[in-house]
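Examination of the molecular architecture
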Amino acid sequence: MNVSTAGITPPSLFPRPVLGSTPMPVQNLNAELNGPQLEAVTTLEGPVLIIAGAGSGKTRVITYRIAHMLERGIPQHAVLALTFTNKAAREMESRVKELTGRKLQSLTVSTFHAFGVKILREEIEVLGYRKNFSIYDETDRNQLIKDSLRECKVSPDGVDLYKLGQVFSSVKIGALRWGEGANSAFQPVYDEYQQGLKIFNALDFDDLLALPIELFETHPEILEKYRRRYRYIMVDEFQDTSFIQYQLMKLLADQNICVVGDDDQSIYSWRGANYENILMFERDFPGTREIKLEQNYRSTSTILEAANGVISNNTNRKEKTLWSGNGGGKPIELFHPQNESEEADFIAARIRELRIQEQLRYEDFGVLIRTNSMTRNIEEAFLAENIPYRVSGGTSFFQRKEIKDVLSYLRVIANHDDDVNLLRIINTPRRGIGKTAVMELSELAKKNGSGIWAALDAFNRAAAHGQGTFGDLDPLFQDKGRLEIDGFIALIEGFREEILGRKNSLSRNVRSLVDKIDYWSYLVTEHSKNDKVARWKFLNIDSLIRSIETWENNPDTADTGLYAYLNRVSLITGSDDGPEEEGLGKVNLMTIHASKGLEFPVVFIAGAEDGIIPHSRSVEEGGDIEEERRLFYVAITRARDKLYITSCLRRKKMQGADESSPSPFLAEIPGHLIEYHEGEKKVENGEAEDYFALIKSKFA
DNA sequence: ATCGAGCAGCTTTTT
DNA sequence: GCTGCTCGAT
């Protein structure tokens, strides 16, 4: 990490030269890598399967491998590295940049989904969509499903939208078929949903993978183009690759394909991940060179031994022996707090204490939880103790209503046919186009087989000419609604011209858009009782606009247009940070899922209780207990030096009893590694004052 | 017909 | 504790 020279901050609006831009050629591979790592880095030709245990330097291997490729003269554009999360992609890219000191122009490092988008933005027209397609997230998609249900006259009562969405997803990625696992009663709804997407020129997340495959299968010449380009492909977190991702990879890959994974860390099967594709890979790519990375560089042997103790209870795994050259280390501390707030206080107190005693920084702590909802208590404790923290996961910045509203405007400006987003904003802020009007317009759109926008437009034009072509529409509405619709169309069209004309920067246009629709007044009226909320939401919008600014001014941003922006922002989800999230100097609070691939000197696993890890839902739904165990394994192996596990005796639950019992997985940790923590040590008054003095001096 | 207040249901993990 | 939805008031 580059330490920015203290006190001197360059004006950040201007492109900065890359720090340490002297190329740092990777010549001393032998000295920097162990045997298997070296083999993994230098075996560039042919299929390679790398089984990389936790903490075995996987990221290091991948980045060195890419650097080595470039060193050997393989052109950047021929290299494709696919990752699982945006975070991982960003991290990999910046590490390669750091390592090679090169400017990365045509190297492709992205998630499967982002890669799908990249292809579709180029080629989708042959599939009958337009290039300005919208991308629907969970919320958008649920909205469309809801509309489809209504359209099919299926009562939405008793239908779990979320679950139905998962069924749709499973069907789309080929995991289920109608009548086989998917209730065929919903097939018409699915068809309606699909038709909706097509009319709205919108894609859901699954389409981002399914459509490229369709494209490649129906247009071999296009596939050929990409196969010729990407001659070196790497896939990270291969164990979390779904079958559809595997198919996409297989279509593209020729011979030089390298996948990296660890079956013990497969924790996404609920999303269609299938670690058996490790086996599939060996079948599909004969002559695969298998390389095992088994030396753990991360954790103390105490932590590793605990992790091994747990994971060895899984039956279905590839045999491997992870060993550590690091010393024994401190015992794992187990604490049974009375309830979740004592748990949170314990964690906060320990962090405060250790930071001073062990000279640690806030970012050295990772607090891992099973569900996003568990952040609340811990956040409260952090706030009370003045501990800076950052949460990843949960409702991300981009899911907040006010942000979605603004982005919906942008999406509609970009793609008029995007009904879900159009409907979101057509009366937000209120502009007198209410429910009935929208219903009428939907009818009209339906009749014309178009989207709402086309209906608005048609209505507007016809009404302007005083034509009575809308016999079905309420005549009253025709008179009153006309002006409103007129205004709305003018608003959107006006900003479309403005933004696409690019006379001003996007951020500036967005600011004037927010002004123009008077979102502030809207917030104030919506939250008349609580102007703090209104203020907070407006600040969020402000920081959205500032993040657009930052993005525009970033020298790495090739295209600062609307489409490029939406493209980027549509793929940001859960575990991605909102604008200006700076990880430094903050405790990391996140779900175990989000923690994969990260490491911290000190880790807390909170809520290690039966019903949480393993999660009761997962057990009930015929989930895989072994996957829950892997999840716990992932959590343990995030720790470098010190691991705390807390398991509450009582926890407030949605339904059912308060009593909690410890996670059965705790018993799988060899007893001699554990030290029980008896109650909270009361901080003496004098000591407390010392802390205050110290903390104060830090903030001074 | 539109808007506002109060109510219900929710919380497994993510692209 | 937050969002979205329904019903009643205007």
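Since we're looking at a predicted model, the values are computed, not measured.

1. Re the layout of surface pockets
Within this model, the second largest pocket holds a volume of roughly 1100 Å³. Asp147, Arg150, Leu423, Val438 and Ser442 are, among the 38 residues lining the second largest pocket, the residues nearest its centre. Of all the elements in the fold, those that place two or more residues in the lining of the second largest pocket are α6 (138-151), α8 (187-199), α16 (401-414), α17 (419-425) and α18 (435-448). Among the elements that take part in the lining of the second largest pocket, α6 stands out by supplying nine residues, more than any other. Each residue belonging to the lining of the second largest pocket can be placed in one class, and the counts come to 12 nonpolar, 11 polar and 15 charged.

2. Quick look at the side chain of Asn296
Considering the arrangement of structural elements, one finds Asn296 in strand β11 (residues 295-296). By relative accessible area, which is 0% here, Asn296 ends up buried. Here the side chain of Asn296 touches Arg298 through a polar contact of 2.7 Å, landing on its backbone nitrogen. In this structure the side chain of Asn296 is engaged in a polar contact, spanning 2.8 Å, whose partner is the backbone nitrogen of Ser299. The residues touching Asn296, leaving out its near neighbours within four places in the chain, are Ala54, Gly55, Ser56, Leu304, Leu322, Trp323, Ser324 and Gly325.

3. Comments concerning the pattern of salt bridges
One pass over the structure, following the stated rule, counts 41 salt bridges. In this structure, the salt-bridge partner of Glu32 is Arg60, at a minimum N-O distance of 3.9 Å. Taken together, the positions of Glu32 in helix α1 (residues 29-32) and Arg60 in helix α3 (residues 58-71) put the pair 28 residues apart, joining distant regions of the chain. Measuring nitrogen to oxygen at the nearest pair gives 3.3 Å for the salt bridge that ties Arg502 to Asp559. Placement of Arg502 in the loop between α20 (475-501) and α21 (506-516) and of Asp559 in the loop between α23 (531-553) and α24 (562-570) is noted, with a sequence separation of 57 residues between them.

4. Topic: the pairing of strand β16 (residues 587-591)
Counting buried residues along β16, five of its five residues qualify, which places the element largely inside the surrounding structure. Every second residue of β16 is oriented toward a common face, with Val587, Leu589 and Thr591 on one face and Asn588 and Met590 on the other, all of them buried. Across four bridges, the pairing between strand β14 (residues 365-369) and β16 is parallel. If you follow Leu368 over to β16, its bridge partner there is Met590. By the bridge criterion, four bridges tie strand β15 (residues 389-392) to β16 in an arrangement that is parallel.

5. Focus: the protein's contact with DNA strand C
Residues in close proximity to DNA strand C include Lys146, Arg376 and Lys401, which together make up its full environment. Lys146 is positioned such that a nitrogen or oxygen atom in its side chain is 2.3 Å from a phosphate oxygen of DNA strand C.

6. Quick word on α6
Taking 1.5 Å of rise per residue, the 14 residues of α6 would be expected to cover 20 Å, and the 20 Å separating its terminal C-alpha atoms lies within 8% of that figure. Among the residues of α6, those classed as buried are Asp140, Arg141, Asn142, Leu144, Ile145, Asp147, Ser148 and Leu149. On the buried face of α6, the contacting elements are β4 (134-136), α7 (161-172), α8, α16 and α17. Immediately downstream of α6, the backbone of Lys153 shows phi near 60°, a positive value.

7. Details of the packing of helix α13 (residues 301-311) against helix α27 (residues 625-636)
Their axes nearest at 9 Å, the elements α13 and α27 cross at an angle of 175°. One finds that α13 runs roughly antiparallel with respect to α27. Note on element contacts: α27 touches α13 through Arg629, Arg630, Phe632, Tyr633 and Ile636, opposite Ile303, Ala307, Val310 and Ile311. Along the lines of polarity and charge, the residues of the contact of α13 with α27 split into seven nonpolar, no polar and two charged.

8. What to know about empty space enclosed by the protein
The gaps left among the atoms become clear once a water-sized probe is rolled over them. For the coordinates displayed, the defined rule picks out three cavities of 30 Å³ or more. In this structure, the largest cavity spans a volume of roughly 80 Å³. Lining the largest cavity are Arg121, Asn132, Phe133, Ser134, Ile135, Arg411, Ala414, Asn415, Tyr563, Leu566 and Ser570. Mapped onto the lining of the largest cavity, the elements with two or more residues apiece are β4, α16 and α24.

9. Brief notes about the nonpolar core
Counting 63 residues, the largest nonpolar core has Ile351, Phe382, Phe632, Ile645 and Ile669 as the members making the most contacts within it. The contact partners of Phe632, leaving out residues within four places of it in the chain, are Val310, Ile605, Ile613, Ile645, Phe665, Leu666 and Ile669. By size, the runner-up hydrophobic cluster in this structure holds 51 residues, among which are Ile485, Ile499, Val510 and Tyr565.

10. Observations regarding the sheet that holds strand β19 (residues 674-677)
Read across the open sheet, the seven strands follow the order β15-β16-β14-β17-β18-β13-β19; overall the sheet is parallel. Among the strands making up the open sheet, the edge pair consists of β15 and β19. Neighbour-to-neighbour, the strand axes of this sheet turn through a mean angle of 20°, independent of strand direction. In the sheet, strand β17 (residues 600-605) pairs with strand β18 (residues 639-646) via five bridges, with the strands oriented parallel. Bridge assignment links Val603 to a residue of β18, and that residue is Leu643.

11. Thoughts on the packing of aromatic side chains
Any two aromatic rings considered together are summarised by their centre-to-centre distance and by the angle between their planes. Under the counting rule described, the total for this entry stands at 20 aromatic pairs. Plain terms: the ring middles of Phe168 and Tyr193 are 5.4 Å apart, the flat faces sit at 50° to each other, and that makes the pair tilted. Of the two residues, Phe168 sits in helix α7 while Tyr193 sits in helix α8, which places them 25 residues apart along the sequence. You can call Phe168 buried: its relative accessible area is 2%. Residue classification places Tyr193 among the buried residues on the basis of a relative accessible area of 1%. Here a set of aromatic residues connected by ring pairs shows up, and it is made of Phe168, Trp178, Tyr190 and Tyr193. In this arrangement the basic side chain of Arg121 is found over the ring face of Phe133, its NZ or CZ atom lying 3.9 Å from the centre. The ring of Tyr644 carries Lys642 above its face, with NZ or CZ at 5.2 Å from the centroid.

Cut-offs applied
- Residues numbered from 1 in each chain as written.
- Chains lettered and ligands numbered in written order.
- Predicted model: local features only at pLDDT ≥ 70, side-chain atom pairs only at ≥ 80, totals over all residues.
- Heavy atoms only, no water.
- 1 Å grid on protein atoms, 1.4 Å probe; cavity = no way out; pocket = protein on both sides within 12 Å on 5 of 7 lines; lining within 4 Å.
- Points joined across faces, edges and corners; volume = space filled by probe spheres on them.
- Helix = DSSP H or I, 4+ residues; strand = E, 2+ residues; numbered from the N terminus.
- Nonpolar A, V, L, I, M, F, W, Y, C, P; charged D, E, K, R; others polar.
- Buried < 20%, exposed > 50% of the residue type's maximum accessible area, 1.4 Å probe, protein only.
- Polar contact = N/O pair within 3.5 Å; in protein donor to acceptor, adjacent residues only side chain to side chain.
- Contact = heavy atoms within 4.5 Å.
- Salt bridge = Lys/Arg side-chain N within 4 Å of Asp/Glu carboxyl O.
- Pairing = 2+ DSSP bridges.
- Near = heavy atom within 4 Å.
- Expected span 1.5 Å × (residues − 1).
- Axes fitted to C-alpha atoms, helices over the stretch in contact; angles between N-to-C directions.
- Parallel < 35°, antiparallel > 145°, perpendicular 65-115°, else oblique.
- Core = buried A, V, L, I, M, F, W, Y, C linked by side-chain atoms within 4.5 Å.
- Phe/Tyr/Trp six-rings, centres within 6.5 Å; stacked < 30°, edge-to-face > 60°.
- Lys NZ or Arg CZ within 6 Å of the ring centre and 35° of its normal.

Read these as layout, nothing more, since geometry by itself doesn't imply function.
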